[in-house]
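A structural walkthrough
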Amino acid sequence: MTTLTESLLVHASRNLPRYTSYPTALAFQPAPDDTLTRDWLGTIQPTDAVSVYVHIPFCERLCWYCGCHTSVPNGYDRISDFLGHLTSELDLCSDAMPPHAGAAHVHFGGGSPNSLSRDDFSGLLASISRRFGLRLGAEVAVELDPGHLDRDFARGLGAAGVTRASLGVQTFDPEVQRLVNRIQPFKRVETAVADIRRGGVKAVNFDMMYGLPGQTPDNVAASLRTALSLAPDRVALFGYAHVPWMKKHQAMIRPEDLADVAGRWGQAEAAEAVLLDHGYIRIGMDHFAHPDDPMTAQLANGGLRRNFQGYTDDPAAVLIGLGPSAISAFRQGYAQNASRVDHWAAAVKRHQLPVSRQLATTRDDRLRGAVIERLMCSLEVDVASVCTEYGYAASTLDDELESARTLRVDGLCAVSGRRISVSPEFSRLVRVVAACFDPQASRPSVRHSLAI
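Just so it is clear, the model here is predicted, and its values are computed rather than measured. (Residues numbered from 1 in each chain as written. Predicted model: local features only at pLDDT ≥ 70, side-chain atom pairs only at ≥ 80, totals over all residues. Heavy atoms only, no water.)

**Examining the overall build of the protein chain**
Here is the rule: The helix and strand labels rest on DSSP assignments: H or I over at least four residues marks a helix, E over at least two residues marks a strand, and numbering proceeds from the N terminus. Each radius of gyration reported is based on C-alpha atoms, and the globular scaling rule is 2.2 Å times the count of residues to the power 0.38. Relative accessible area decides the class of each residue, using a 1.4 Å probe on protein chains only: under 20% of the type maximum gives buried, over 50% gives exposed, and in between gives partly exposed.
Along its length, the protein chain carries 15 helices and 20 strands. Taking 452 residues into account, the globule formula puts the C-alpha radius of gyration at 22 Å, and the protein chain, at 21 Å, falls close to it. Considered along the principal axes of its C-alpha atoms, the protein chain spans approximately 55 × 50 × 40 Å. By the burial criterion, 54% of the 452 residues in the protein chain qualify as buried.

**What about the environment of asparagine 74?**
By the element assignment, asparagine 74 lies in the loop between β3 (50-56) and α3 (77-95). The exposure class assigned to asparagine 74 is exposed, which follows from its relative accessible area of 71%.

**A short note on the pairing of β3**
Stated formally: In this description, strands pair whenever DSSP reports at least two bridges between them. Here the term right-handed applies to a crossover when the path leading from its first strand over the helix to its second strand runs clockwise, the strands being oriented away from the viewer.
Among the seven residues in β3, seven count as buried, and that is most of the element. Every second residue of β3 is oriented toward a common face, with Val50, Val52, Val54 and Ile56 on one face and Ser51, Tyr53 and His55 on the other, all of them buried. Where β3 lies against strand β4 (residues 103-110), seven bridges are found, and the strand directions are parallel. Opposite tyrosine 53, over in β4, you have histidine 107 as the bridge partner. Taken together, β3, α3 and β4 constitute a β-α-β crossover, and its handedness is right-handed. Note: β3 against strand β13 (residues 318-322), five bridges, orientation parallel. In the strand pairing of β13, serine 51 is matched with leucine 319.

**Side note on the nonpolar core**
Going by this rule: By convention a nonpolar core is built from buried Ala, Val, Leu, Ile, Met, Phe, Trp, Tyr and Cys residues, the set being connected through side-chain atoms within 4.5 Å. Residue contacts are counted whenever heavy atoms from the two residues lie within 4.5 Å of one another.
Formed by 121 residues in total, the largest nonpolar core has its most connected members in Phe108, Phe132, Leu167, Ile196, Phe206 and Ile420. Contact partners of phenylalanine 108, with chain neighbours within four places excluded, come to Tyr53, Val54, Pro113, Phe121, Leu124, Leu125, Ile128, Val140, Ala141, Val142 and Glu143.

**Quick word on the sheet that holds strand β17 (residues 380-382)**
The condition is simple: Interaxial angles span 0 to 180 degrees and are taken between N-to-C directions of axes, which are lines fitted to C-alpha atoms, for helices over the stretch in contact.
Ordered in space as β17-β19-β18, the three strands form an open sheet in which the pairing is antiparallel. The open sheet terminates on both sides in strands that have one partner only, identified here as β17 and β18 (414-416). Adjacent strand axes in the sheet meet at a mean angle of 10° when their direction is disregarded. Pairing of β17 with strand β19 (residues 419-421), which is carried by three bridges, proceeds in the antiparallel orientation. If you follow glutamate 380 over to β19, its bridge partner there is serine 421. In the packing of helix α12 (residues 363-378) onto the sheet, contacts are made with β17 and β19, and the angle to β17 comes to roughly 145°.

**A word on unusual backbone geometry**
Note that the residue after tyrosine 22, namely proline 23, is joined by a cis bond; omega there is -10°. Checked against the element boundaries, proline 23 lands in the loop between β1 (15-16) and β2 (29-30). Even without a glycine there, the phi angle at glutamine 170 is positive, about 70°. Here glutamine 170 lies in strand β6 (residues 164-170). According to the relative accessible area criterion, glutamine 170 is buried, its value standing at 9%. The phi dihedral of serine 325 falls on the positive side, at around 75°, and the residue is not glycine. Tracing the backbone shows serine 325 in the loop between β13 and β14 (327-329).

**Description of the pattern of salt bridges**
Note the threshold: Any Lys or Arg side-chain nitrogen located within 4 Å of an Asp or Glu carboxyl oxygen qualifies as a salt bridge.
Enumeration according to the criterion identifies 29 salt bridges in this entry. Across the pair aspartate 34 and arginine 38 runs a salt bridge, and its minimum N-O distance is 2.9 Å. Its relative accessible area of 10% is what places aspartate 34 among the buried residues. Residue classification places arginine 38 among the partly exposed residues on the basis of a relative accessible area of 30%. Linked through salt bridges whose partners overlap, the residues forming this network are Arg151, Arg155, Asp195 and Arg198.

**Some points on α3**
Threshold: In this scheme, a helix's expected span is set at 1.5 Å multiplied by one less than its residue total.
Here α3 contains 19 residues, and its C-alpha end-to-end distance of 28 Å stays within 8% of the 27 Å for a straight helix at 1.5 Å per residue. What α3 keeps buried is the set Ile79, Phe82, Leu83, His85, Leu86, Glu89, Leu90, Leu92, Cys93 and Ser94. Buried positions along α3 lie against α2 (35-42), β3, α4 (118-132), β13, β15 (333-337) and α11 (341-349).

**Details of the side chain of glutamate 272**
Applicable threshold: What qualifies as a polar contact is a pair of N or O atoms within 3.5 Å, subject to a donor-acceptor requirement within protein and to the restriction that residues adjacent in sequence count only when both atoms come from side chains.
Assignment of secondary structure puts glutamate 272 in helix α9 (residues 261-277). By relative accessible area, which is 6% here, glutamate 272 ends up buried. Within the local environment of glutamate 272, its side chain forms a polar contact with the side chain of arginine 282, the two groups lying 2.7 Å apart.

**Some remarks on the environment of histidine 290**
Looking at the secondary structure, you find histidine 290 in the loop between β10 (287-289) and α10 (294-301). The sequence separation of histidine 290 and leucine 450 amounts to 160 residues, and the corresponding C-alpha distance is 27 Å. In this structure, histidine 290 is in contact with Ala231, Pro232, Asp233, Tyr280, Ile281 and Thr296, ignoring residues within four places of it in sequence.

**Considerations on the packing of α3 against α4**
Rule in force here: If an angle is under 35 degrees, it is roughly parallel; if it is over 145, roughly antiparallel; if it lies from 65 to 115, roughly perpendicular; otherwise it is oblique.
Where α3 meets α4, the closest approach of the two axes is 10 Å, and the angle between their N-to-C directions is 10°. The angle between α3 and α4 falls in the class roughly parallel. In this structure, α3 contributes Leu83, Leu86, Leu90, Asp91, Cys93, Ser94 and Asp95 to the contact, and α4 contributes Asp120, Leu124, Ser127, Ile128, Arg131 and Phe132.

**Considerations on the packing of aromatic side chains**
What counts here: Ring pairs are drawn from Phe, Tyr and Trp, using the six-membered ring of Trp, whenever the two centres fall within 6.5 Å, and their geometry is named by plane angle: stacked under 30 degrees, edge-to-face over 60, tilted for the rest. The rule is short: NZ of Lys or CZ of Arg within 6 Å of the ring centre and within 35 degrees of the ring normal puts a charge over the ring.
Taken as a whole, this structure holds eight aromatic pairs when the rule is applied. On the basis of an interplanar angle of 50° and a centroid distance of 5.4 Å, the ring pair of phenylalanine 121 and phenylalanine 153 is categorised as tilted. Here phenylalanine 121, found in helix α4, pairs with phenylalanine 153, found in helix α5 (residues 151-160); they are 32 residues apart in sequence, far enough to count as distant. Each member of the pair, phenylalanine 121 together with phenylalanine 153, is buried. Across the ring face of tyrosine 311, the terminal group of arginine 306 is positioned such that the distance to the ring centre comes to 4.4 Å. Over the ring of tryptophan 265 we find arginine 428, and its NZ or CZ is 4.6 Å from the ring centre.

Structural data, given as structure tokens:
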């Protein structure tokens, strides 16, 4: 256990990006049209494998803690209309792309992709496979709400082509579930896991949380022990971000039910202790995986990556985002779709890619992004080596290295020459070190989450 000193408390209390991209999405600018995105799609090379992210903006229930772009459809008609527009967007995007090496990863997020019917989900995945060309051995992952997972849907995932399922478990404590409007007894989750595996999906992930109303180190640890009895392959451990000024439904959560920063630290420590005691390997700042997991192997060989879905073993240089709010990543920059379903659908009906925000990255952005990504993934980076790799002098980021050196006194990192390393015990604060290389980090934003 790591003692939370006064200086560590200051760092843990900072609002910082999660660095799923650099520059972060807050730097994106309004897109006048889809011209730039089409230009970037046109530069995809025949040897490029691509990744595809599909955002499903619907849930059968609205959980009070949720920070996603989603809504309750109140009937299937809205979902059917959405799927028609999504298929049109898929066609628009595919038609704008030159020949490429196919899709190596497909990820369905939301919202809850299991708000779709089994047949509609299978049909959507088949369309993606047909239009993008699913590569042999491709990973197809889907995020699921286990509290509303239909048995027929769960058992059909393997036949549809899904290889990995990620369940939003969050907590098993009944009182915490009540406080966040997400009731899902253990038996319900246990049945969901069994149905998914029985249907042929071998890899199962759990998302767990700390910092929710009513959580304590004891009930967080108890939830983790219960979760691990179902033997998930990976566990993502996220801290709740309370931003009711951005997500109005979070006003249903009373501030007095939330732990302070020191309390959140204790909850995270308790959860991590359970995971490590059960033999899981720490991946970056908030993921844990079995020793024989592909993500663990990529961590060991330096191939671990970070994108808008978090940590990944996906090496693709191009990420195609489909659906409202989805973000595409290219070598040249980022493009984000309109977040509102009606705005997104209106653009698609005009036969336009529904991009609403974009950012063309500079050489300096790409340099800093590489340093930040390697630090976030490996907890260490040879800054001079990255500078040289990107065509800069080894000393280019020396001022930023000097900022990192000031963190040594608090134990957050070690700096030797131009090499930085973060101790695993401080991995949950790696964003503080990464922020040394982000000129915008000195301007804190309430849109960013707490460092802990």
